Amino acid sequence: AALANRRPSGIGLAHEEIAPPVAKPYVWDAKKGPEGFVVTGYAPTDDSRSKLVSRAKSLFADLSFADRTDVADGAPQGWDKAVTIALEQLAQLKSGEASFRDKDLTFSGEAADEQLASAVRRTLKLDVPQNFKIIDRIRYPKPDLFPAGSGYVMGIVNSGSTVDVVGMIPSE
């Protein structure tokens, strides 16, 4: 467009097509921590980048914010939706990171409790486009089942794949 409007006299422009470079692998990372929120990697267009930065600033308004993204071609299909959902779920956690590498999403962080961790996992699984592979590493604090000095307490914790029996019994 710039060449079409301001070119030297006598010079014609037959065709102008400037495309961003192709990024392989196509990476994008968002990290939320005590030092703030940082986003790095690529966005497919300036418009897409602007929308994501605006959304991230609204979700993480109470944190310092750094945008280190650039525009590049090569985003997988459904990238905008996947990244937006990852940002929204990252906002639910105390700290964490969403890392995209082509169609692989690694989502890690610390949730306040097991219910929140499960809700974030469910949202990622159901709402992120199905062409993305999701690896989640969401942690949460285990509840204290027996406060010290409160007598004999026993508990059973079912984590889905294992059952743990915890507690105290008299020594005599």
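The notes below deal with the structure included here.

Criteria and thresholds
Residues numbered from 1 in each chain as written. Predicted model: local features only at pLDDT ≥ 70, side-chain atom pairs only at ≥ 80, totals over all residues. Heavy atoms only, no water. Phe/Tyr/Trp six-rings, centres within 6.5 Å; stacked < 30°, edge-to-face > 60°. Helix = DSSP H or I, 4+ residues; strand = E, 2+ residues; numbered from the N terminus. Buried < 20%, exposed > 50% of the residue type's maximum accessible area, 1.4 Å probe, protein only.

### Focus: the packing of aromatic side chains
Each aromatic ring pair is specified by the distance between its two centres and by the angle formed by the two planes. Within the structure shown, the criterion is met by 7 aromatic pairs. With 5.8 Å between their ring centres and 45 degrees between their planes, Tyr26 and Tyr42 make a pair best called tilted. Here the residue Tyr26 occupies a position in the loop between α1 (2-5) and β1 (27-33), and Tyr42 occupies one in strand β2 (residues 36-43), the gap between them amounting to 16 residues. The class of Tyr26 is buried, set by a relative accessible area of 0%. Looking at Tyr42, the relative accessible area reads 28%, which means it is partly exposed. With centroids separated by 6.3 Å and ring planes inclined at 90 degrees, the aromatic side chains of Trp28 and Trp79 adopt a geometry described as edge-to-face. One end of the pair, Trp28, is in strand β1; the other, Trp79, is in helix α3 (residues 79-90), with 51 residues separating them in the sequence. Judged by its relative accessible area of 3%, Trp28 falls in the buried class. Judged by relative accessible area, Trp79 falls into the buried class, the value being 2%.

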